[in-house]
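# Architecture at a glance
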Amino acid sequence: MLKKLLLLVAVTTTISLSAIAASLQDVDNSFYPYKNSTPSFDGLSVGMTINKDNVEQFKTILDPAMYQFIKAGDTEIKVGETTSFDLHSSYVEATKASLASVKLGDKPGEISGSVSGRPFPAEPSLDDPRAGEKLAWNYKYGYNWGDSAAIMPFYWKFRNMKNGKLERTLKFNFHFLNFTHRTQQTPVPAITPNPSNLFRGIYVQVLEPFDVKNTQLLIQRFEDDLKRDNAYLYLGFQRRVRRLSSGQVTDSFLGSDVMIEDFEGYNGRISDMAWTFKGTRNMLVPMYNHNEMTLDTESHKDEDGYQVVAFGGKGGCFPNVTYQLRKVYEVESTSVDANHPISKRSHFIDAQTFTIPRNITYDRKGDMWKSWSIGQAHPDHHLPKNKGTGVAIDDAFTMIDLQAQHCTTGQFKGIVDPTLTPASKMTVQNLRSSGT
């Protein structure tokens, strides 16, 4: 009897250890997908240019919108070397610490056991009906901007894509702060006190031009995903704060081609969407070393010498950056609200960083409407302040309205510095005091 009991314990222990080893291997595979090899594609080489003459050969490693742009001659892309964007080791270790505890709830928007790190590091499966939801949680609790960061300054340009006319330039400061799920900047894993149980705050201030100067936006996202965000807008010319309704986050933001919900690739709750995993693929996406790109030498040069990425292509709507062949998860999101202005988004999520370098938005009829790109710069080839942070730096975006032939572009100076974004910035009181 004792022998049988000891044998059972040994078998159980072996199974448990095997499960832990497999899970740890999942973490390693998730964070270091290029440790042993990098993706390749027949005929593709670093340094080559994909244009309308050869795009058919590479159609399967391009998303549908980018393929369409290149085929029409609107842009061309240069291929860069596939490089590893290693996230900070603290985030990786936090993922390991939570391996056995993270679980989805009974309905979308419910999760338990996630303190910090990547909630679901295992490779997604098409056989898992909730794989898309798990990938969405990985994005929400990802390391995008780390625990906090600022974009100072941030230039948005509105352009007529048909003739390239620059219609308007807005200059912003953007700030991001995680109250919970923190791994690297003190305090970890959470800022206390946090009486409202906030997960994240986003604060935006317009600096120029004069007619919208001091317009401010504050988004307070709760740890409870089923609880609707608090969103506030301060209008400088009215000198008052007003609360935004849920419908206003899908309106044009300050006349641009961007909704508040579009920020960072998706800026909403998990529970606002139904998520479907469509598969894993190798795809060309805008990820690169900022210091090696074509930079804007004509405008926006800061006192420290920093220069933003230049734009070109049709209408000046495309960032002049290189594209890497990388492992990508394709996830489709559809709104649970029948009144939502779009039918779906196709998100192309980078499998290593869980940022969203490419998105396609479809209108209510199901036609392709808008194309989102956000270039990701390696932190070790950017500002000295960003070196070693493990943050894939948002570096240049474009939102192209294919139907209106119009675009909004963004040029960043992203800074990972906790002193720039104190918790006090994420308050309604700050809107009032900063607007006077």
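Conventions adopted
- Residues numbered from 1 in each chain as written.
- Predicted model: local features only at pLDDT ≥ 70, side-chain atom pairs only at ≥ 80, totals over all residues.
- Heavy atoms only, no water.
- Helix = DSSP H or I, 4+ residues; strand = E, 2+ residues; numbered from the N terminus.
- Rg over C-alpha atoms; globule rule 2.2 N^0.38 Å.
- Contact = heavy atoms within 4.5 Å.
- Areas by Shrake-Rupley, 256 points an atom, 1.4 Å probe, with all protein chains shown as cover.
- Lys, Arg positive; Asp, Glu negative; His and termini not counted.
- Charge placed at Lys NZ, Arg CZ, Asp CG, Glu CD.
- Salt bridge = Lys/Arg side-chain N within 4 Å of Asp/Glu carboxyl O.
- Buried < 20%, exposed > 50% of the residue type's maximum accessible area, 1.4 Å probe, protein only.
- Phe/Tyr/Trp six-rings, centres within 6.5 Å; stacked < 30°, edge-to-face > 60°.
- Lys NZ or Arg CZ within 6 Å of the ring centre and 35° of its normal.
- Disulfide = S-S within 2.5 Å.
- Core = buried A, V, L, I, M, F, W, Y, C linked by side-chain atoms within 4.5 Å.

Let's shift gears to the overall build of the protein. Along its length, the protein carries 5 helices and 20 strands. Expected size for 436 residues packed as a compact globule is a radius of gyration near 22 Å; at 22 Å, the protein falls within 12% of this value. Considered along the principal axes of its C-alpha atoms, the protein spans approximately 85 × 55 × 45 Å. Expressed as a percentage of contacts within the protein between residues at least 6 apart in sequence, the contacts between residues at least 24 apart total 63%. Put simply, the protein shows about 18,600 Å² of open surface, and 51% of that area lies on carbon and sulfur atoms. Taking the average location of the 48 positive side-chain charges in the protein and that of its 48 negative ones, the two points are 4 Å from each other.

Attention now moves to the pattern of salt bridges. Applying the stated rule across the entire model yields 23 salt bridges. Close ionic contact of Arg-345 with Glu-261 constitutes a salt bridge, the shortest N to O distance being 2.9 Å. Here Arg-345 is found in strand 16 (residues 342–350), whereas its partner Glu-261 is found in the loop between strand 10 (240–243) and strand 11 (273–285), with 84 residues between them in sequence. The class for Arg-345 is buried, based on a relative accessible area of 0%. Residues joined by salt bridges that share partners form a network here, namely Glu-261, Asp-262, Arg-345 and Lys-370.

Per the counting criterion, the structure on display carries 27 aromatic pairs. By the ring-pair criterion, three or more aromatic residues cluster together here, those being Trp-145, Phe-154, Trp-156, Phe-172, Phe-174, Phe-176, Phe-253, Phe-263, Trp-372, Phe-397 and Phe-412. When the ring centre of Phe-222 is taken as reference, the NZ or CZ atom of Lys-227 above it lies at 4.2 Å. The cationic tip of Lys-344 hangs over the ring face of Tyr-362; the distance from NZ or CZ to the ring centre is 4.8 Å.

Let's shift gears to the state of the cysteines. Inspection of the entire model under this criterion finds 1 disulfide. Paired through a disulfide, Cys-317 and Cys-407 show a sulfur-sulfur distance of 2.1 Å. The S-S bond linking Cys-317 to Cys-407 shows a torsion near -80 degrees; that makes this disulfide left-handed. Pair noted here: Cys-317 is in the loop between strand 13 (311–312) and strand 14 (318–319) and Cys-407 is in strand 20 (residues 406–415), with a separation of 90 residues, a long-range link. Here Cys-317 matches Cys-407 in class, with each residue buried.

Our next topic: the nonpolar core. Generally speaking, nonpolar side chains in soluble globular proteins are found buried as a group. In this structure, Leu-44, Ile-50, Trp-156, Phe-172, Phe-174, Leu-217 and Leu-284 are the most contacted members of the largest nonpolar core, which totals 60 residues. Examining the composition of this core, we find that 5 residues originate from one element, strand 5 (residues 148–160), more than from any other. Beyond its immediate chain neighbours, meaning those up to four positions away, Phe-174 contacts Ala-149, Ala-150, Ile-151, Phe-154, Trp-156, Tyr-203, Val-204 and Phe-263. Among the nonpolar cores identified, the runner-up in size contains 21 residues, and Leu-104, Leu-135, Tyr-139 and Phe-199 belong to it.

The next thing to look at is the environment of Lys-96. As for its position among the elements, Lys-96 is in helix 3 (residues 89–97). Look at Lys-96 and you get partly exposed, because its relative accessible area is 35%. For Lys-96 and Val-27, which are 69 residues apart along the polypeptide, the C-alpha to C-alpha distance reads 7.1 Å. Not counting chain neighbours up to four residues away, the residues in contact with Lys-96 comprise Leu-24 and Val-27.

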